[in-house]
Amino acid sequence: MIRVRRSFVVGLPLRELMAYMEDFARAEEWDPGTVSCVRLDDGPVRAGARWRNTSVFRGRTTRLDYRLDVHEPTRLVFVGENRTVTAVDDLSFAEEGDGTFLTYRASLTFKGLAKLATPFLRPEFERMGDEVAARLPDAAVAGRL
């Protein structure tokens, strides 16, 4: 399993940042690998909501179907899956002054033969974690509701 953790402050109040982040389609704005993320169901975003995320990683296009597993006042957990990987994005929020302290945890569990590549992929996912930490604060402020 690969685990990446980044913590940083976003210049939005907690409720605004939660509203921004709960719509996983916004990953197009802050996730460096995401090229498309489309909601698969309708209605308010709540636990069970689903998205199809298309990403490019190492020159290959991959699709994961995500669902919102946890929707709490200060935490969101999205779980994405396809036949080769299960990805978990676990976001925790805490008020910090006029902004929000966000802890972003991503974990990837590879399946089958893809497990063998895990040690070689870790540095690339660490780099992507750095890019998320650099992009997300500005993207959230620009995309505020």
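Quick look at the structure, then. Quick caveat, the model's predicted, so the values are computed rather than measured.

## A closer look at the sheet that holds strand E4 (residues 60-72)
- Read across the open sheet, the seven strands follow the order E1-E7-E6-E5-E4-E3-E2; overall the sheet is antiparallel. The open sheet has two free edges, formed respectively by strand E1 (2-10) and strand E2 (34-39), since each of these has just one partner strand. Averaged over all pairs of adjacent strands, the angle between their axes in this sheet comes to 20 degrees, without regard to strand direction.
- Relative to strand E3 (residues 50-57), E2 runs antiparallel, the two sharing five bridges. Counterpart to Cys-37 in the pairing with E3 is Asn-53.
- Lying on the sheet, helix H1 (residues 14-22) is in contact with E1, E3, E4, strand E5 (75-81), strand E6 (85-96) and strand E7 (99-110); it crosses E6 at an angle near 165 degrees.

## Some details on the packing of aromatic side chains
- All chains considered together, the criterion is met by eight aromatic pairs.
- Between Phe-24 and Trp-30, the ring centres sit 6.4 Å apart and the planes meet at 80 degrees, which makes this aromatic pair edge-to-face. Each member of the pair, Phe-24 together with Trp-30, is buried.
- With 6.2 Å between their ring centres and 65 degrees between their planes, Phe-24 and Trp-51 make a pair best called edge-to-face. Here the residue Phe-24 occupies a position in the loop between H1 and helix H2 (27-30), and Trp-51 occupies one in strand E3, the gap between them amounting to 27 residues. For the residue pair Phe-24 and Trp-51, the accessibility class agrees, reading buried in each case.
- Put simply, the rings of Phe-24, Trp-30, Trp-51, Tyr-66, Phe-78 and Tyr-104 pair up and form one aromatic cluster.

## Details of the environment of Asp-69
- Relative to the helices and strands, Asp-69 resides in strand E4.
- It is 24 Å that separates the C-alpha atoms of Asp-69 and Val-56, two residues lying 13 residues apart in sequence.
- Side chain to side chain, Asp-69 and Arg-67 meet in a polar contact 2.7 Å long.

## A short note on the pattern of salt bridges
- This model, assessed by the stated rule, comprises 12 salt bridges.
- Among the salt bridges present, the one from Arg-75 reaches Asp-90, with a minimum N-O distance of 2.8 Å. Residue Arg-75 is located in strand E5, and its partner Asp-90 is located in strand E6; the two are separated by 15 residues in the primary sequence.
- Taking relative accessible area as the criterion, Arg-75 reaches 29% and is therefore assigned partly exposed.
- Three or more residues joined by partner-sharing salt bridges are found here, namely Arg-58, Glu-124, Arg-127 and Glu-131.

## Some remarks on the pairing of E1
- Residue alternation in E1 divides its side chains into a buried set, Ile-2, Val-4, Arg-6, Phe-8 and Val-10, and an unburied set, Arg-3, Arg-5, Ser-7 and Val-9.
- The pairing of E1 with E7 spans nine bridges and is classified as antiparallel. Residue pairing for E7: Ile-2 is matched across the bridge by Leu-108.

Quick notes on the rules
Residues numbered from 1 in each chain as written. Predicted model: local features only at pLDDT ≥ 70, side-chain atom pairs only at ≥ 80, totals over all residues. Heavy atoms only, no water. Pairing = 2+ DSSP bridges. Helix = DSSP H or I, 4+ residues; strand = E, 2+ residues; numbered from the N terminus. Axes fitted to C-alpha atoms, helices over the stretch in contact; angles between N-to-C directions. Contact = heavy atoms within 4.5 Å. Phe/Tyr/Trp six-rings, centres within 6.5 Å; stacked < 30°, edge-to-face > 60°. Buried < 20%, exposed > 50% of the residue type's maximum accessible area, 1.4 Å probe, protein only. Polar contact = N/O pair within 3.5 Å; in protein donor to acceptor, adjacent residues only side chain to side chain. Salt bridge = Lys/Arg side-chain N within 4 Å of Asp/Glu carboxyl O.

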